Amino acid sequence: MDATDVLTEAYGRLPDLVAGALDGLDAAQLRRAPADGANPVGWLVWHLTRIQDDHVADVMGQPQLWATGDWAAKCGLRPDPADTGFGHGPEQIAAVRPESGEVLLDYHRAVVDRSLAYLRGLRPADLDRVVDENWDPPVTLGVRLVSVLDDDFQHVGQAAYVRGLILS
């Protein structure tokens, strides 16, 4: 198994984890924070999907699905490609109002499907390509893809935990 196979396997695990975090929650529960200053399940899943959509679209040189589809409207937002949730305050978090868990899951699956198609076309040597020179050392494609996974796995774990709090 080479590194691209490992990445493909890891990205492919995310939809089931996201589905589990969303399972059984209605629209109001998706927006419910377990405490002041905490993030609701809907925002967490939206954010992790936005990060993947943003970062993978960037390395592909393609527009984000968020900006080209109707996902934003279904979440009560504008299709602003710069809005990934990074740095959101309480008002911005509350503005993320998905119609349903299915909307979030469908958007997530669309993003992961595109990511997986991209990963399947990579060769191991492609992972050494520098994609961001604003860091020292510069960020390679492999590092960027692992960074996205790291963020996604942390947030989906948080979402699953918050779901448990809401349903208990």
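Residues numbered from 1 in each chain as written. Predicted model: local features only at pLDDT ≥ 70, side-chain atom pairs only at ≥ 80, totals over all residues. Heavy atoms only, no water.

Caption draft 1: The overall build of the protein, seen in detail. Tallying secondary structure elements over the protein gives eight helices and two strands in all. The helix and strand sequence of the protein, counted from the amino end, reads α-α-α-α-α-α-α-β-β-α. Here the C-alpha atoms of the protein give a radius of gyration of 16 Å, agreeing with the 15 Å that 2.2 N^0.38 yields for 168 residues. For the C-alpha atoms alone, the extent of the protein along its principal axes is close to 45 × 30 × 30 Å. Here the protein, with 168 residues, has 45% of them falling under the buried criterion. Summarising the internal contacts of the protein: among those between residues at least 6 apart in sequence, 70% fall at separations of at least 24. When the accessible surface of the protein is split by element, carbon and sulfur atoms take 52% of a total near 8,500 Å². Between the mean site of the 14 positive side-chain charges and the mean site of the 26 negative ones, the protein shows a separation of 5 Å. (Helix = DSSP H or I, 4+ residues; strand = E, 2+ residues; numbered from the N terminus. Rg over C-alpha atoms; globule rule 2.2 N^0.38 Å. Buried < 20%, exposed > 50% of the residue type's maximum accessible area, 1.4 Å probe, protein only. Contact = heavy atoms within 4.5 Å. Areas by Shrake-Rupley, 256 points an atom, 1.4 Å probe, with all protein chains shown as cover. Lys, Arg positive; Asp, Glu negative; His and termini not counted. Charge placed at Lys NZ, Arg CZ, Asp CG, Glu CD.)

Caption draft 2: Focus on the packing of aromatic side chains. According to the stated counting rule, one finds four aromatic pairs in the structure shown. Taken together, a centroid distance of 6.3 Å and an interplanar angle of 50 degrees make the contact between Trp43 and Trp46 tilted. A residue pair is termed a helical-turn pair when its members lie 3 or 4 positions apart in one helix, as Trp43 and Trp46 do in helix 3 (residues 41-60) at three residues. A relative accessible area of 0% places Trp46 in the buried class. Where Trp71 meets Tyr107, the ring centres are 5.4 Å apart and the plane angle is 35 degrees; that geometry is what we call tilted. Note that Trp71 is positioned in helix 5 (residues 71-74) and Tyr107 in helix 7 (residues 101-120), a separation of 36 residues in sequence. Of the two residues, Trp71 and Tyr107, both sit in the buried class. Here the aromatic cluster, defined as three or more aromatic residues joined through ring pairs, consists of Trp43, Trp46, Trp66, Trp71 and Tyr107. (Phe/Tyr/Trp six-rings, centres within 6.5 Å; stacked < 30°, edge-to-face > 60°.)

Caption draft 3: Spotlight on the environment of Gly24. One can find Gly24 in the loop between helix 1 (3-22) and helix 2 (27-31). Distance from Gly24 to Leu167, taken between C-alpha atoms, is 8.9 Å for residues 143 residues apart in sequence.

Caption draft 4: A look at helix 1. The first and last C-alpha atoms of helix 1 sit 30 Å apart over 20 residues, in line with the 28 Å expected at 1.5 Å per residue. Listing the buried residues of helix 1 in full gives Thr4, Leu7, Thr8, Ala10, Tyr11, Leu14, Pro15, Val18, Ala21 and Leu22. Buried residues belonging to helix 1 abut helix 2, helix 3, helix 7 and helix 8 (141-167). Positive phi shows up at Gly24, right after helix 1, with a value of about 80 degrees. (Expected span 1.5 Å × (residues − 1).)

Caption draft 5: Quick look at the pattern of salt bridges. Overall, the coordinates contain eight salt bridges when judged by the stated rule. Salt-bridge contacts for Asp126 lead to Arg123; the nearest nitrogen and oxygen are separated by 2.9 Å. By relative accessible area, which is 18% here, Asp126 ends up buried. The exposure class assigned to Arg123 is exposed, which follows from its relative accessible area of 54%. Residue Arg144 is joined to Asp132 by a salt bridge in which the shortest nitrogen-to-oxygen separation is 3.0 Å. Highlighted residues: Arg144 in helix 8 and Asp132 in strand 1 (residues 130-132), separated in sequence by twelve residues. Taking the relative accessible area as the measure of exposure, Arg144 reaches 11% and is therefore buried. On the accessibility criterion, Asp132 (14% relative accessible area) is buried. Overlapping salt bridges bring together Arg50, Asp53 and Arg114 as one network. (Salt bridge = Lys/Arg side-chain N within 4 Å of Asp/Glu carboxyl O.)

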